[in-house]
Amino acid sequence: MSFKDLWNTALPGGISLTFGKVASAVGVLLVCLIVIRILMRLLRRIMSRSKLEERVHKYLLMGVKLVLYIITAIIVADTLGINSSSFVALLSVASLGVTLAAEDVLGNVAGGLVLLSSRPFTLGDFIETDGVSGTVEEMALNHTKLVTLEGLTVMIPNRKLSSEKLTNYTALGRRRICQKVNAPYSASIDTVKAACRTALERTKGMLADPAPSVYLTECRPSAMEYSVYCWAATADYWTVYLTLGENLRRVFEEQGIEMAYDHLNVHILDGNNT
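What you see is a predicted model, and the numbers here were worked out from it, not measured in a lab. (Residues numbered from 1 in each chain as written. Predicted model: local features only at pLDDT ≥ 70, side-chain atom pairs only at ≥ 80, totals over all residues. Heavy atoms only, no water.)

1. Some thoughts on the confidence of the model for the protein
When pLDDT is averaged across the protein, the result is 80; 77% of the residues are at 70 or more. In the model, residues 6–14 has pLDDT below 50 throughout and makes 12 contacts with residues more than four positions away in sequence or in other chains. (pLDDT = per-residue confidence, 0-100. Contact = heavy atoms within 4.5 Å.)

Set out below in structure tokens:
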């Protein structure tokens, strides 16, 4: 049997695979691969001009390349005389099964793409979502890793991050600090506010602009509440916050101002007295 006769042998399933068909399929494959390379090069050039992050570029390029390869496989199969409609149907059923089985994973991937494109936070930002707050240590396609102030690592699905309320404390580069103190009604407002300003002057790391301020914010049943405001760089927030609280306590002690608290006086009356 000659080499040509070998190629002309009918394959199982009624598919006649000839040398001419194979040669044509190889040619089509080469053309498709060249077209894919040109398209991918153009796509990279277009995406390099966009504002999307590198990780978004990578994932989109991988997805487009996969789709182009699938289309190439269908075209080559059609050139060989293989019924591509059954292949497409099989591919559709398989993709549906994968979609149903990996619904949560795909939802997280979609959420990751939304986060990478909208960029509500970046690595190193301190964020809070769903009652969890921490520093962003890693941003993967399906989850985001946070490190809390307690040193715990929390993995949050990207689908939840992209759909729920999210607070970014680092975006502005500064944070406002508010310390509340209570003083008795017997202490004058000017005396208490002066003590608070002294505590502010002793606290290092605050920003000069906006300027610190002190206000009487509430008259409570057993005390008057004062709010002490100042601003600090994000990196200095906790240091300034805690130091200011300590300085307020020390200054109040030095100036003899009581830090009042809610209390209840109970008087027991003798039932025999009228």
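2. Overview of the nonpolar core
With 22 residues, the main nonpolar core has Val 192, Cys 196 and Leu 244 as its most contacted residues. Looking at this core, the elements that each hand over two or more residues are strand S8 (174–183), helix H7 (189–202), strand S10 (224–233) and helix H8 (237–254). Tallying contributions element by element places H8 first for this core, with 6 residues. With near-sequence residues (within four places) excluded, Leu 244 lies in contact with Ile 177, Gln 179, Ala 199, Leu 200, Thr 203, Val 228 and Cys 230. If you look at the next biggest cluster of nonpolar residues, it comprises 10 residues, including Leu 116, Met 139, Leu 141 and Leu 146. (Core = buried A, V, L, I, M, F, W, Y, C linked by side-chain atoms within 4.5 Å. Buried < 20%, exposed > 50% of the residue type's maximum accessible area, 1.4 Å probe, protein only. Helix = DSSP H or I, 4+ residues; strand = E, 2+ residues; numbered from the N terminus.)

3. A closer look at the sheet that holds strand S4 (residues 132–139)
Reading across the sheet, the 5 strands line up as S6-S5-S4-S3-S7 and stay open at both edges, with antiparallel pairing between neighbours. The two strands at the open ends of the sheet, each matched to only one other strand, are strand S6 (153–157) and strand S7 (166–168). Going from strand to strand, the sheet's axes swing by 40° on average, the running direction of each strand aside. In this sheet, strand S5 (residues 143–147) lies alongside S4 in antiparallel orientation, the contact comprising 4 bridges. When the sheet's bridge partners are listed, Val 136 is paired in S5 with Leu 146. (Pairing = 2+ DSSP bridges. Axes fitted to C-alpha atoms, helices over the stretch in contact; angles between N-to-C directions.)

4. A short note on the environment of Thr 79
Locating Thr 79 in the fold gives a position in helix H3 (residues 54–79). Owing to a relative accessible area of 21%, Thr 79 belongs among the partly exposed residues under this scheme. Distance in space between the C-alpha atoms of Thr 79 and Val 28 is 7.9 Å, their sequence separation being 51 residues. Beyond its immediate stretch of four places on either side in the chain, Thr 79 contacts Lys 21, Ser 24, Ala 25 and Val 28.

5. Some remarks on the pairing of S4
A regular strand places its side chains on the two faces of the sheet in alternate fashion. Relative to S4, strand S3 (residues 126–129) runs antiparallel, the two being bridged by 4 bridges. Note that in S4 the partner of Thr 129 across the bridge is Val 132. The hairpin formed by S3 and S4 contains 2 residues between the paired strands, and Asp 130 there has a positive phi angle of roughly 55°. Counting the residues in the hairpin turn of S4 and S5 gives 3 residues.

6. Examining the packing of H7 against H8
Relative orientation of the contacting elements H7 and H8 amounts to 135°, with a least axis distance of 8 Å. It follows that H7 is oblique to H8 by the angle criterion. With respect to the hand of their crossing, H7 and H8 are arranged in right-handed fashion. The residues of H8 that touch H7, namely those facing Val 192, Ala 195, Cys 196, Thr 198, Ala 199, Leu 200 and Arg 202, are Leu 244, Asn 247, Leu 248, Val 251, Phe 252 and Glu 254. (Parallel < 35°, antiparallel > 145°, perpendicular 65-115°, else oblique. Left-handed = near helix turned anticlockwise from the far one by under 90°.)

7. What about the environment of Tyr 241?
Its location among the elements puts Tyr 241 in helix H8. What makes Tyr 241 partly exposed here is its relative accessible area of 25%. Once you skip the residues sitting within four places of it in the chain, Tyr 241 turns out to touch Ile 177, Cys 178 and Gln 179.

8. Points about the packing of aromatic side chains
A complete count under the given rule lists 5 aromatic pairs for this structure. Ring centres of Phe 126 and Tyr 169 lie 5.8 Å apart, and the angle between their planes is 55°; on these two criteria the pair is classed as tilted. One end of the pair, Phe 126, is in strand S3; the other, Tyr 169, is in the loop between S7 and S8, and 43 residues separate them in sequence. Taken together, the ring pairs in this structure connect Tyr 237, Trp 238 and Tyr 241 into an aromatic cluster. Geometry around Trp 231 places Arg 174 over its ring, the cationic atom sitting 4.8 Å from the centre. (Phe/Tyr/Trp six-rings, centres within 6.5 Å; stacked < 30°, edge-to-face > 60°. Lys NZ or Arg CZ within 6 Å of the ring centre and 35° of its normal.)

9. Concerning the sheet that holds strand S9 (residues 213–219)
Reading across the sheet, the 3 strands line up as S8-S10-S9 and stay open at both edges, with antiparallel pairing between neighbours. The sheet terminates laterally at S8 and S9, the two strands that pair on one side only. Taking the axes of each pair of neighbouring strands and ignoring which way they run, one obtains an average angle of 30° across the sheet. Here S8 pairs with S10 via 10 bridges, running antiparallel. Bridged to Cys 178 within S10 is Tyr 229. Of the strands in this sheet, S8, S9 and S10 touch H7, which is tilted by about 25° from S10.

10. Re a positive patch on the surface
Judged by side-chain charge, Arg 37, Arg 41, Arg 44, Arg 45, Arg 49 and Lys 65 come together as a positively charged surface patch. Here the positive patch gets 4 residues from one element, more than from any other, and that element is helix H2 (residues 19–48). For Arg 41, the position within the fold is in helix H2. (Patch = residues over 30% accessible without salt bridge, like charges linked within 9 Å, V, L, I, M, F, W, Y side chains within 5 Å. Areas by Shrake-Rupley, 256 points an atom, 1.4 Å probe, with all protein chains shown as cover. Salt bridge = Lys/Arg side-chain N within 4 Å of Asp/Glu carboxyl O. Lys, Arg positive; Asp, Glu negative; His and termini not counted. Charge placed at Lys NZ, Arg CZ, Asp CG, Glu CD.)

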